[in-house]
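As a plain string of letters, each chain reads:
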There are 2 protein chains.
Amino acid sequence: MLTRIDHIGIACRDLDKTVEFYRATYGFEVFHSEVNEEQGVREAMLKINDTGDGGASYLQLLEPTRPDSTVAKWLEKNGEGVHHIAFGTADVDGDAEAIRGKGVRVLYDEPRIGSMGSRITFLHPKDCGGVLTELVTSAEPGAHEAH
Amino acid sequence: MLTRIDHIGIACRDLDKTVEFYRATYGFEVFHSEVNEEQGVREAMLKINDTGDGGASYLQLLEPTRPDSTVAKWLEKNGEGVHHIAFGTADVDGDAEAIRGKGVRVLYDEPRIGSMGSRITFLHPKDCGGVLTELVTSAEPGAHEAH
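Residues numbered from 1 in each chain as written. Chains lettered and ligands numbered in written order. Predicted model: local features only at pLDDT ≥ 70, side-chain atom pairs only at ≥ 80, totals over all residues. Heavy atoms only, no water.

Named according to an unreviewed UniProt entry, chain A is Methylmalonyl-CoA epimerase originating from Kitasatospora aburaviensis.

*Asks:* Give me the nonpolar core: which residues, what numbers.
*Replies:* Judged by nonpolar contacts, the single largest core of 56 residues is most densely connected at Tyr22, Tyr26 and Leu59 of chain A together with Tyr22, Tyr26 and Leu59 of chain B. Apart from the residues lying within four places of it in its own chain, the contact partners of Tyr26 of chain A are Phe21 of chain A together with Leu2, Phe87, Ile99, Leu123, Cys128 and Thr133 of chain B. (Core = buried A, V, L, I, M, F, W, Y, C linked by side-chain atoms within 4.5 Å. Buried < 20%, exposed > 50% of the residue type's maximum accessible area, 1.4 Å probe, protein only. Contact = heavy atoms within 4.5 Å.)

*Asks:* Residues and numbers for the relation of the copies chain A and chain B, please.
*Replies:* You can overlay chain A on chain B at an RMSD of 0.0 Å; the transform is a turn of 180° with a shift of 0.0 Å along its axis. Accordingly, the operation relating the two chain copies is best matched by a two-fold axis. Among all C-alpha atoms of chain A, that of Thr51 of chain A lies closest to the rotation axis, at 2.3 Å. When you check the interface residues of chain A against chain B, 100% turn up at the interface there too, and the contact is symmetric in its surfaces. (Least-squares fit on C-alpha atoms with pLDDT ≥ 70 in both.)

*Asks:* Got a sec to walk through the pattern of salt bridges? Specific residues and values, please.
*Replies:* Per the stated rule, a full pass over the model turns up 22 salt bridges over all chains. Between Arg42 of chain A and Glu63 of chain A there is a salt bridge whose closest N-O contact spans 3.2 Å. With Arg42 of chain A in strand S3 (residues 41-50) and Glu63 of chain A in strand S4 (residues 56-64), the pair connects residues that are 21 residues apart, well separated along the chain. Judged by its relative accessible area of 13%, Glu63 of chain A falls in the buried class. When the shortest N-O distance is used, the salt bridge between Arg105 of chain B and Asp127 of chain B registers 2.9 Å. Here Asp127 of chain B lies in the loop between strand S7 (119-123) and strand S8 (133-137) and Arg105 of chain B lies in the loop between helix H3 (92-101) and strand S6 (112-113), a separation of 22 residues in the sequence. (Salt bridge = Lys/Arg side-chain N within 4 Å of Asp/Glu carboxyl O. Helix = DSSP H or I, 4+ residues; strand = E, 2+ residues; numbered from the N terminus.)

*Asks:* Help me get a handle on the sheet that holds strand S2 (residues 30-36) of chain B, residues and values and all.
*Replies:* All names here are of chain B. One open sheet accounts for eight strands, arranged S2-S3-S4-S1-S5-S8-S7-S6; its pairing is mixed. Every interior strand has two partners, whereas the edge strands, S2 and S6, have only one. In this sheet, strand S5 (residues 81-89) lies alongside strand S1 (residues 2-11) in antiparallel orientation, the contact comprising eight bridges. In the sheet register, Ala11 faces S5, and the bridge partner there is Gly81. (Pairing = 2+ DSSP bridges.)

*Asks:* Let's hear about the interface of chain A and chain B: which residues, and what values?
*Replies:* Counting residues at the interface gives 35 residues for chain A, matched by 35 residues for chain B. Counting the contacts that link chain A with chain B gives eight residue pairs in polar contact (both at pLDDT 80 or more). Those elements that place two or more of their residues in the side of chain A that touches chain B are strand S1 (2-11), helix H1 (15-26), S3, S4 and strand S5 (81-89) of chain A. (Polar contact = N/O pair within 3.5 Å; in protein donor to acceptor, adjacent residues only side chain to side chain.)

*Asks:* How would you explain the confidence of the model for chain A if you had to name every residue and give the values?
*Replies:* Across chain A, the average pLDDT comes to 95, with 95% of residues at 70 or higher. Low pLDDT, under 50, characterises residues 143-147 of chain A; the stretch is placed with 14 contacts to residues that sit more than four places away or in other chains. (pLDDT = per-residue confidence, 0-100.)

*Asks:* Kindly report on the packing of aromatic side chains, identifying the contributing residues and their values.
*Replies:* Tallied over the full model, the rule gives 16 aromatic pairs over all chains. Geometrically, the ring pair formed by Tyr108 of chain A and Phe122 of chain A is edge-to-face, given 6.0 Å between the ring centres and 85° between the ring planes. Taken as a pair, Tyr108 of chain A in the loop between helix H3 (92-101) and strand S6 (112-113) and Phe122 of chain A in strand S7 (residues 119-123) lie far apart in primary sequence, 14 residues in all. On the accessibility criterion, Phe122 of chain A (9% relative accessible area) is buried. Ring geometry for Phe21 of chain B against Tyr22 of chain B: centres 5.1 Å apart, planes inclined by 85°, an arrangement best described as edge-to-face. Residue class for Phe21 of chain B comes out buried when judged on its relative accessible area of 16%. Here a set of aromatic residues connected by ring pairs shows up, and it is made of Phe21, Tyr22, Tyr26 and Phe28 of chain A together with Phe87 of chain B. (Phe/Tyr/Trp six-rings, centres within 6.5 Å; stacked < 30°, edge-to-face > 60°.)

This is how it looks when you write it as C-alpha cells:
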C-alpha cells in the first residue's frame, strides 16, 4: 500500500546551483547526497516534512553524471523541471507486482537500489497519464533519519 | 516558512478517467472535488498522507474547463503530466513577499483562492529551475479534514 508522497524528483543541469536556489529561496537544507552510478545521477535529498506513516517527504534534485543517462536524455528533451514523483510503501515488491497485474508496465523486473539504500522501481509514464512514477521502500525503519 | 509538500498538481484531459486510474491502480480516493472558474479548472484532491505540521499532502488532478485556461494551454504544449508542485505554509503572504524580495517573480500581486478555500500564489517557473511552484495556506486549522 502506498502511504506517502516520498519525494518529487527534479532534474537540473547544475546540482550545486539548484541546491543553493532551494536553500536561499526557501531555507531547505540538504539532508543527504550521493552519486548513483547505475542511474547515472548525482543527487541531493532535501527533507521537507515528516509523514504520518513514520517516513518523510523530500525533494530529490538530480544532475546527470553522463550524457547517456536517462536523466541527461530527459533534460535534453524537456529542459529542467519535475522529472518524476515517488510514492512510499512498506512493500515495493508486492505493490509493483500488484500494479503490474493491473496492466501498468513496471520498468524493472526486480526493484533496484535508490536513494539512501532504498529499494525502488518505476512505472511507465505512458501508462500513468504522462507521470513517471516511482515506488520506494526505505532501507529500514529510521533510515530516513540517518545521513 | 514552508513546512510541507502540500500537493503535486497533475494536468489531465479527462478528470474522471484519471481519478479512476489513481483509484484502481493505487487505491487513492477523492477527498475533495471542485471547479475553480477563475483558474479554469475542474479538480479532484486525493489525500495521500498526513504531514508533521498538522496538514496533509495531496495529488491534485486538474482538467481544464475552457480552452483559454492556463492548464489547457499547458496541456496543448506539454501533454499530460506534472503541472506544478505546491508547498504549504502558515503565511503565504509573508513568504511570497520574502521570496519576491529575493528576486523570484511572484505571479499574483495578492494571493488568490485555491483548493478547499486555501490562499495561494505561484512563482515563475523560469525563476525556479523550470518548476512551476505554488505556495498554499490552508483555509483554517482542520480544513484539511473537511469535505
